[in-house]
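# Coordinate analysis (summary)
What follows is the residue order along each chain.
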Amino acid sequence: MNATPANQDVQLGMPALPAPDYPADVRARLETDAKEVIARYPGSRSALLPLLHLVQAEEGHVTRTGIRFCAEMLDLTTAEVTAVSTFYSMYRRKHSGDYQVGVCTNTLCAVMGGDAIFEELKDHLGVDNGETTGDGAVTLEHIECNAACDFAPVVMVNWEFFDNQTPETARQLVDDLRAGRTVEPTRGAPLCTFKETARMLAGFPDERPGAVEATGGAGPASLIGLRLAKGEAAPGRGADHVVSPRTTADSTPSDEPPSGHPADEAPAGHPSSHDAPQETSASDEQHPSGPTAEEGE
Amino acid sequence: MTVAAEHGGASRRETGGDHPEKLLTPVLSAFWDQPASWTLETYRRHEGYEGLRKALAMPPDDVIAYIKDSGLRGRGGAGFPTGMKWQFIPQGDGKPHYLVVNADESEPGTCKDIPLLFANPHSLIEGIVIACHAIRSNHAFIYLRGEVVPVLRRLHEAVREAYAAGFLGKNILGSGLDLDVIVHAGAGAYICGEETALLDSLEGRRGQPRLRPPFPAVAGLYACPTVVNNVESIASVPAIMNRGKDWFRSMGSEKSPGFTLYSLSGHVANPGQYEAPLGITLRQLLDMSGGMRRGHRLKFWTPGGSSTPMFTDEHLDVPLDYEGVGAAGSMLGTKALQCFDETTCVVRAVTRWTEFYAHESCGKCTPCREGTYWLVQLLRDIEAGKGRPGDLDKIDDIADNINGKSFCALGDGAASPIFSSLKYFREEYEQHLNGRGCPFDPARSTLWADNDAHLGVKA
């Protein structure tokens, strides 16, 4: 609403105008939530990470308006809030998809197939790391170790676990997400949107019936030692006993060789974790200056 | 060939003979297979909150002494005695005391706390109440990494159940103890697993480590006395209180008593959680679990995540306790046993870990921030065949300038894979130099490689 396109091609090094506020009804609703979060902590500033999740739940990423809101609620400067929001990788800095698909490419998952899965998805979706498909459904990124190495290779969608993936299962997964088909994780609740997930991270429990108990107890790998100890699983027997290789998640081994990561690939092309500077929402002049513009999309 | 083929070895404990699986001691994981294992009802059916009753009947100082006597050591990596950490909290100082549970499990390879909290969050909550009774705290925080929403859901629910049942809130079980527990989701930063960075993060700041002293026990959260404990450490406390310190000490060794979760991952036949006494060996774990994947042999492994110097098949009989692993030149860490077979390029593995440390370096201190950046540049060149002979000495030198000279242990962790891989696999690095590049085919390392190739893999 308050975007001023006339300014966009003028670069005079002028300080940015203050971000626009939320519309009054949105502001009132968020303030109620924010006060509830702040009241949980002995020191109000402790609520900053949850509040950044909260504004992300409103807009899908952390906007200048969201930063201003957090600053006002906690009596901080927008610079202080921006410093925090740009430190943590879960706060998005630009408009992104409803489903954040993260492929673990830390060493163990990468070696077990995460690199091939990531290459496959980049190819299949036609996007690079951190980019969103044209339909706004899927944002692809590579992620660091997500504490599920015994289920490698792992893909996370909106931070729910999809264990023991292959390029084929991962491709099916993103196709289903883009087609709006129901997708259920291996461990976790039926998928909701990224914004709804962000609200849980802000400290508001998932109210959907059945969400807590979805997919049941521990995953199979978590139980393997227990089953062995209870005599329910066939143990190894020293020299003459080795069990066969695990089958893949859906027992549909691939007929094609895994794509991607040929040995002669240039180093710049592999999914590195190197920390290239990212745009902040404040420094991105292409960025819509307020939530109204985005909500109107 | 599998490692299991090289049976025998010199374990200082009994090997379990024909039944190595008998060495396992499921305690934390004992009823993860029960229906609705995460609920209060299931937990109470398995003696849940019985340890709390016993602890609340004891004066706080006695609880601290009891945990100290049990010999429980921190399961987050450093192995510091838990009871001693509690004892450092000054008493009668008039300040609030805080317990902060470090559930920011992010060390590459580490995957024990997340399944524990998913399957049985109440063991943590019971442990929190006991610990807060001991250190006289009315406020506890669970700092959970944000990227695990299924666990967040179960923690929210478990805390709700515990309040409803009177295990949290005012006057717990009539003891006079008031306790509030706050579940706090992080936002994606490995460094927040470092306890002082975690405290800064919990105070709403960038997660950067603090100078010590003062230690958190004196000036932690909000500059008040604070205990920061790992999830598994706290979750182990209820069983110790309930079944006794002697029972606990009957497992493991004198200096490293008790049970713990070992997380087997990578090119093994059956990755997963194996709860065993401290001091079990990788050979025993592989023997009982089916060894490496069929047709392959162990090449290198980490005893406790990527920050602990790697081992090779020479180290299969190292007792996996704090002293045993330390004596062999590494650290027990988080007991994250990442096993890689002969199809894996060690340079590729180390490069990726180093990229991780460069990404996660918080930027506060120069050796770590700059050193990890330059290590990545050199390692990428080496992996791509653009490395020169002097590069190996150079990465060794850079790692030496990070190790012990950084602000926190992240820098030391970044140096570990460099030093240890050069120590055991320098020749493999050299094979990459002078335009030759990586001789390995990454397709052979994947989970599905042998489903495609079947028997076409040489051992």
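The coordinates are above.
Residues numbered from 1 in each chain as written. Chains lettered and ligands numbered in written order. Predicted model: local features only at pLDDT ≥ 70, side-chain atom pairs only at ≥ 80, totals over all residues. Heavy atoms only, no water.

## Some remarks on the interface of chain A and chain B
Chain A puts 103 residues into the contact, and the matching count from chain B is 104 residues. In this assembly, chain A packs against chain B so that about 8,300 Å² is buried in total across both faces, 63% of it on carbon and sulfur atoms. Applying the counting criterion to the chain A and chain B interface returns five salt bridges. Across the contact surface, chain A and chain B share 33 residue pairs in polar contact (both at pLDDT 80 or more). (Contact = heavy atoms within 4.5 Å. Buried area = accessible area lost by both parts, 1.4 Å probe. Salt bridge = Lys/Arg side-chain N within 4 Å of Asp/Glu carboxyl O. Polar contact = N/O pair within 3.5 Å; in protein donor to acceptor, adjacent residues only side chain to side chain.)

## Some thoughts on the packing of aromatic side chains
Counted by the stated rule, this structure contains 20 aromatic pairs over all chains. Here Tyr373 of chain B and Trp374 of chain B contribute two aromatic rings whose centre-to-centre distance is 5.0 Å and whose plane-to-plane angle is 90°, an arrangement assigned as edge-to-face. With relative accessibility at 30%, the residue Tyr373 of chain B sits in the partly exposed group. Residue Trp374 of chain B is classed as partly exposed on the basis of its relative accessible area of 47%. Cluster of aromatic residues (ring-pair linked, three or more members): Tyr41 of chain A together with Tyr98, Phe141 and Tyr222 of chain B. Positioned above the aromatic ring of Trp38 of chain B is the side chain of Arg154 of chain B, whose terminal nitrogen or guanidinium carbon lies 3.8 Å from the ring centre. Just above the ring of Phe118 of chain B sits the side chain of Arg154 of chain B; from NZ or CZ to the centre is 3.9 Å. (Phe/Tyr/Trp six-rings, centres within 6.5 Å; stacked < 30°, edge-to-face > 60°. Buried < 20%, exposed > 50% of the residue type's maximum accessible area, 1.4 Å probe, protein only. Lys NZ or Arg CZ within 6 Å of the ring centre and 35° of its normal.)

## What to know about the pattern of salt bridges
Pairing is possible between side chains of opposite charge, provided their charged atoms come close. On inspection of all chains with the given rule, the structure shows 49 salt bridges over all chains. Asp206 of chain A is the partner of Arg208 of chain A in a salt bridge, and the nearest nitrogen-oxygen pair spans 2.9 Å. For Arg208 of chain A, a relative accessible area of 30% corresponds to the partly exposed category. Exposure remark for Asp206 of chain A: the relative accessible area of 13% places this residue in the buried category. As a salt-bridge pair, Arg426 of chain B and Glu430 of chain B come within 3.6 Å of each other at their nearest N and O atoms. Of this pair, Arg426 of chain B and Glu430 of chain B both sit in helix H17 (residues 409–432), four residues apart, which is roughly one turn of that helix. Since its relative accessible area comes to 30%, Arg426 of chain B is described here as partly exposed. (Helix = DSSP H or I, 4+ residues; strand = E, 2+ residues; numbered from the N terminus.)

## Focus: the pairing of strand S6 (residues 272–277) of chain B
Residues and elements named next belong to chain B. Extensive coverage of S6 is indicated by the burial of six of its six residues. Inspection of the sheet shows strand S5 (residues 259–266) paired to S6 by six bridges, in the antiparallel sense. From the neighbouring strand, Tyr262 faces S6, where its bridge partner is Tyr274. Taking the residues between adjacent antiparallel strands as the criterion, S5 and S6 are bridged by five residues. (Pairing = 2+ DSSP bridges.)

## Section: the sheet that holds strand S4 (residues 160–162) of chain A
All names here are of chain A. Pairing in this open sheet of four strands is mixed, and the strands run S2-S1-S3-S4 from one edge to the other. The two strands at the open ends of the sheet, each matched to only one other strand, are strand S2 (138–143) and S4. Pairwise comparison of adjacent strand axes, ignoring direction, gives a mean angle of 25° for this sheet. In this structure, strand S1 (residues 99–104) lies alongside S2, joined through six bridges in parallel fashion. (Axes fitted to C-alpha atoms, helices over the stretch in contact; angles between N-to-C directions.)

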